[in-house]
Amino acid sequence: MPSPDAAGTAPATRQEHAAVEVRDVEHVYGRGSEAVAALGPISLDVPAGAFLVLVGPSGCGKSTLLRLIAGFEEPTSGSVRTAGAVPVPGKGAGVVFQQPRLFPWKTVGGNVELALRYAGVPRAERPRRVAGLLDRVGLHDVAGRRVWQISGGQQQRVAIARALAGDDPLLLLDEPFAALDALTRERLQEDLRRVSAETGRTSVFVTHSVDEAVFLGSRVVVLTRRPGRVALDIDVDLPRTGPDPDELRALPAYASLRAEIGHAVRAAA
Ligand code: ADP
């Protein structure tokens, strides 16, 4: 749990907003007899620099919460704020979906370049920025290839590079590795963990996988069955840099977090 100070209130010097504030949010799809209560009531604050993983049974409202934070949906009641303001789709957050959603007629570099163009980066600066972003996700040697000439895992790396291109303060990821084979998935998890430590970007990541949640998160929130509420909110007190992935997974703290979160997910389902 994020702990308040001794008096139970925010320190007087901390005026700035959390990166994400979710207050008493409920979300209902449809109306009347068709209404589906998908989420809430739920309240969450995500401080800047956190890597929050939302985990829970299928249909519990994880993607709904992510879409509310992205501004793709408005809450039925309550409020969502990112950097203190109502979220606007396409502004302030890079989003990665389960499918990479790249432009197939463009090259790998061209896809990232387009994101930089949309972000208002001057043309002369873009080649250097494209190279830097592709380097960051381990794709420097495929910049000139077409999207259909690279693997699914590489396509998802391009999607991550594109989401980082705008220098948005938030990175939102909705089961980005769910369609990948196990080995590719592990590699991408490892690289995303490294990228997250390097960029310090505030991230919200949705997954079904307890392992993925413990490996990636600095904090994990388990949601109950629909309508999703907080069943468990736990800080993942593992080093963000230092041990290699195998060492990290072998730590006793890793195993106990995995057990606690796994138990909460099973209880929620
Ligand atoms: P999760 O990401 O946890 O699998 P979702 O947020 O996608 O869950 O969905 C939560 C619930 O809301 C599910 O029961 C789903 O069927 C329903 N739902 C999601 N999107 C819509 C929609 N556009 N219209 C109606 N119901 C929806």
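Please read all numbers here as calculations on a predicted model, not as lab measurements. What you see as residue numbers is a count from 1 along each chain, following the sequence as written. Per-residue local features of the predicted model are confined to residues with pLDDT of at least 70, and side-chain atom pairs are confined, for both listing and counting, to 80 or more; whole-chain, interface and lining totals are unaffected and use all residues.

Visitor: A description of the overall build of the chain should follow, citing residues and the corresponding values.
Guide: Secondary structure elements follow DSSP: runs of H or I of four or more residues count as helices, runs of E of two or more count as strands, with numbering from the N terminus. What the chain contains, in helices and strands, is 8 helices and 9 strands. Just to be clear, the radius of gyration here is over C-alpha atoms, and the globule rule we use is 2.2 Å times residues to the power 0.38. Relative to the globule expectation of 18 Å for 269 residues, the C-alpha radius of gyration of the chain, 19 Å, shows essentially globular dimensions. If you line up the chain on its principal axes, its C-alpha atoms span 50 × 45 × 45 Å. Burial in this document is a count-based property: other C-beta atoms within 10 Å of a residue's C-beta are tallied, and the residue is buried at 20 or more, exposed at 12 or fewer, or partly exposed in between, with C-beta positions derived from the backbone. For the chain, buried positions account for 38% of its 269 residues.

Visitor: Explain the domain arrangement of the chain to me, using residue names and the numbers behind them.
Guide: Taken domain by domain, the chain comprises domain 1 (20-92 + 170-268) and domain 2 (102-167). For each domain, the first and last residues come from an automatic or database assignment. Inter-centroid distance (C-alpha atoms) of domain 1 to domain 2 is 25 Å. Placing a C-beta atom from the backbone of each residue, one calls two residues in contact when those atoms lie within 7 Å. In this complex, domain 1 contributes 12 residues to the contact, which on the side of domain 2 involves 9 residues.

Visitor: I'd like to hear about the sheet that holds strand β4 (residues 77-82), residue by residue, with values.
Guide: The pairing of strands in a sheet happens through backbone hydrogen bonds and is either parallel or antiparallel. At least two DSSP bridges between two strands are needed for those strands to be called paired. The strand order across the open sheet built from 3 strands is β2-β1-β4, with neighbouring strands paired in antiparallel fashion. Strands with a single pairing partner mark the edges of an open sheet, and in this sheet they are β2 (36-46) and β4. Taking each pair of neighbouring strands and ignoring which way they run, the sheet shows an average axis angle of 20 degrees. Across 7 bridges, the pairing between strand β1 (residues 20-29) and β2 is antiparallel. If you follow Val28 over to β2, its bridge partner there is Ala37. Comment: axis = line fitted to C-alpha atoms, over the contacting stretch for helices; angle = value between 0 and 180 degrees taken between N-to-C directions. Across the sheet, helix α1 (residues 62-70) is in contact with β1, β2 and β4; its angle to β1 comes to roughly 120 degrees.

Visitor: Please set out the sheet that holds strand β7 (residues 202-207) residue by residue, giving values where relevant.
Guide: On the basis of which strands lie adjacent, the open sheet formed by 6 strands has the order β5-β6-β7-β3-β8-β9 and mixed pairing. Each edge of the open sheet is held by one strand with a lone partner, namely β5 (93-96) and β9 (230-235). Neighbour-to-neighbour, the strand axes of the sheet open up by a mean angle of 15 degrees, direction not taken into account. Looking at chain direction, strand β8 (residues 219-223) and β9 are connected through 5 bridges and run antiparallel. Bridge pairing links Val221 to Asp233 in β9.

Visitor: Could you give an account of the site of the ligand, with specific residues and numbers?
Guide: Working rule for contacts: place C-beta from the backbone, and if it is within 6 Å of a molecule or strand, that residue counts as near it. The environment of the ligand is formed by 13 residues, the closest being Tyr29, Ala38, Lys62, Ser63 and Thr64. Taken together, the elements giving at least two residues each to the shell around the ligand come down to β2 and α1. A total of 3 residues in the shell around the ligand trace back to one element, the largest contributor, which is α1. A per-class count over the shell around the ligand returns 4 nonpolar, 7 polar and 2 charged. Side-chain classes follow a simple rule in which Ala, Val, Leu, Ile, Met, Phe, Trp, Tyr, Cys and Pro form the nonpolar group, Asp, Glu, Lys and Arg form the charged group, and the remainder, Gly included, forms the polar group.

Visitor: Talk me through the environment of Ala269; I want residue IDs and the actual numbers.
Guide: Along the chain, the position of Ala269 falls in the segment after α8 (252-268). Given 12 C-beta atoms within a 10 Å radius, Ala269 is considered exposed. In the structure, Ala269 is positioned 35 residues away from Ile234 in sequence and 18 Å away in space, judged by C-alpha atoms. Residues in contact with Ala269, not counting those within four places in the same chain, are Pro57 and Arg225.

Visitor: Describe the nonpolar core, listing the residues and the values that go with them.
Guide: By definition, a nonpolar core groups buried Ala, Val, Leu, Ile, Met, Phe, Trp, Tyr and Cys residues that are joined through C-beta atoms within 7 Å. If you look at the biggest cluster of nonpolar residues, it comprises 68 residues, and the most contacted ones within it are Ala161, Leu172 and Ile261. When residues of this core are assigned to their parent elements, the largest contribution, 7 residues, is made by helix α4 (residues 152-165). A domain-level breakdown of this core finds at least three residues from each of domain 1 (20-92 + 170-268) and domain 2 (102-167). With sequence-adjacent residues up to four places away left out, Leu172 is seen in contact with Leu66, Ile69, Ala70, Ala93, Val95 and Val204.

Visitor: Any chance you could break down unusual backbone geometry for me, citing the residues and the numbers?
Guide: Here the bond from Gly40 into Pro41 is cis, since omega is 5 degrees, no more than 30 degrees from zero. If you trace the backbone, Pro41 turns up in strand β2. The peptide bond linking Arg226 to Pro227 adopts the cis configuration, its omega dihedral lying at -5 degrees. With respect to the helices and strands, Pro227 occurs in the loop between β8 and β9. Phi at Ala83 takes a positive value of approximately 50 degrees, unusual for a residue other than glycine. Topologically, Ala83 is positioned in the loop between β4 and β5. The class of Ala83 is partly exposed, set by 18 C-beta atoms lying within 10 Å. In this structure, Asp167 takes a positive phi of about 55 degrees despite not being glycine. Along the polypeptide, Asp167 turns up in the loop between α4 and β6 (170-174).

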